[in-house]
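# Structural overview for review
Below are the chains, spelled out letter by letter.
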Amino acid sequence: MNIALIGYGKMGKAIEDVALRRGHTITCKISSSNLQDFNPRVLQWADVAIEFSTPESAYNNLRQCMEIGVPVISGTTGWLNKKTEIEQLCIEKQGTFLYASNFSIGVNIFFELNKLLAQMMNKYEVYDVDIQEIHHTAKLDKPSGTAITVANDIIERLERKKVWTISKPENPFTRDLFIESRREDPAPGTHIVTYRSEIDDVEITHTAHSRLGFAKGAVLAAEWILGKKGVFSMKDVLEIDQ
Ligand SMILES: NC(=O)c1ccc[n+]([C@@H]2O[C@H](COP(=O)([O-])OP(=O)(O)OC[C@H]3O[C@@H](n4cnc5c(N)ncnc54)[C@H](OP(=O)(O)O)[C@@H]3O)[C@@H](O)[C@H]2O)c1
């Protein structure tokens, strides 16, 4: 498979390593120094584009992929208020788009555990809940895209939480779901959901040991999406659903 890398930073390079080891070819590597190469003439050689860039550039990059007509996998975080627009454009153009705030298989299992736990906890109002996410200091956005997914999944299932917040509520048991973001090195990514009561805590944790899991998941998604049209998620790739 021919892969175009849109964004060639830490993730782009990790994806390149995995893709080459799986026998794929990298047809272009776009970073801020060669944006002129991000054009239909260069992209025509790609079966799929994998986009891990910056929160500021992701939306335009994805629009451009849709206009060019190349299927695109994206993992960039911090731009999701515009995700619906990209999904609509994908449908309009009969294109192919897969987004995941986290490509690791373990995190996607963690997402499902989180949903199940929130459903179970809905009737046990003695438990308050909060989320902690810990990442390396170079991470630009706060809270992490993964923490936002976890928070939204809780809010959909736990009636006593209505919105997520990054400001610590003064009292527990408010309608706000607190996400604490910590930045320390080295930390590829840890997410902890804790339900706290006077008697005990119930906690689920996902800890990434390296970027490899994200890179492998992104390449797996690129292989899976070949020949498909529409808007997809990692749930489709991994066939995990409660
Ligand atoms: N979904 C997941 O599983 C997952 C996992 C890890 C990270 N992420 C997210 O993926 C994104 C990238 O992470 P990273 O660690 O690879 O960041 P990074 O090391 O800072 O790399 C960002 C890359 O984007 C390039 N870039 C800047 N402007 C661009 C533009 N207009 N068009 C195309 N590329 C451009 C940068 O080029 P220069 O170096 O020349 O500026 C660099 O190559 C972040 O949003 C991060 O949160 C997601």
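Analysis parameters
- Position numbers for residues start from 1 in each chain and track the written sequence from start to end.
- Note on the predicted model: pLDDT of at least 70 is required for a residue's local features to be given, and 80 or more for side-chain atom pairs to be given and counted; whole-chain, interface and lining totals, by contrast, use all residues.
- Note that water and hydrogens are dropped before the side-chain values are worked out from all heavy atoms of the structure.
- Start and end points for every domain follow an automatic or database-based domain assignment.
- Residue contacts are counted whenever heavy atoms from the two residues lie within 4.5 Å of one another.
- A carboxyl oxygen of Asp or Glu within 4 Å of a side-chain nitrogen of Lys or Arg is what we treat as a salt bridge.
- Pairs of N or O atoms are called polar contacts if they sit within 3.5 Å, as long as, within protein, a hydrogen donor faces a hydrogen acceptor (for residues adjacent in sequence, only side-chain-to-side-chain pairs).
- Here a helix means four or more residues in a row that DSSP labels H or I, a strand means two or more in a row labelled E, and each is numbered from the N terminus.
- A pair of strands is considered paired only if DSSP assigns at least 2 bridges between the two.
- Helix axes are fitted only over the stretch in contact, all axes being lines through C-alpha atoms; the angle between N-to-C directions runs from 0 to 180 degrees.

A few words now on the domain arrangement of the protein. What the domain assignment lists for the protein is domain 1 (2-103 + 211-238) and domain 2 (105-207). Domain 1 puts 13 residues into the contact, and the matching count from domain 2 is 15 residues. Taken together, the links from domain 1 to domain 2 amount to 0 salt bridges. Counting across the domain 1 and domain 2 interface gives 6 residue pairs in polar contact (both at pLDDT 80 or more). When residues of the side of domain 1 that touches domain 2 are traced back to their parent elements, those giving at least two are helix H7 (212-225) and helix H8 (234-238). Of the residues forming the side of domain 1 that touches domain 2, the biggest block, 3 residues, is contributed by H8.

Here 5 strands make up an open sheet; going across it, the order is S7-S8-S6-S9-S10 and the pairing mixed. In the strand order of this sheet, the two ends are held by strand S7 (163-165) and strand S10 (201-207), each with one partner. Taking the axes of each pair of neighbouring strands and ignoring which way they run, one obtains an average angle of 20° across the sheet. As judged from the 3 bridges shared by S7 and strand S8 (residues 176-183), these two strands associate in the parallel manner. Considered in S8, the bridge of Trp164 is made with Leu177. Where helix H5 (residues 105-121) meets the sheet, its contacts fall on strand S9 (190-196) and S10, and the angle it forms with S10 comes to roughly 165°. Packed on one face of the sheet, helix H6 (residues 145-157) meets strand S6 (128-135), S7, S8 and S9 and runs near 170° to S6.

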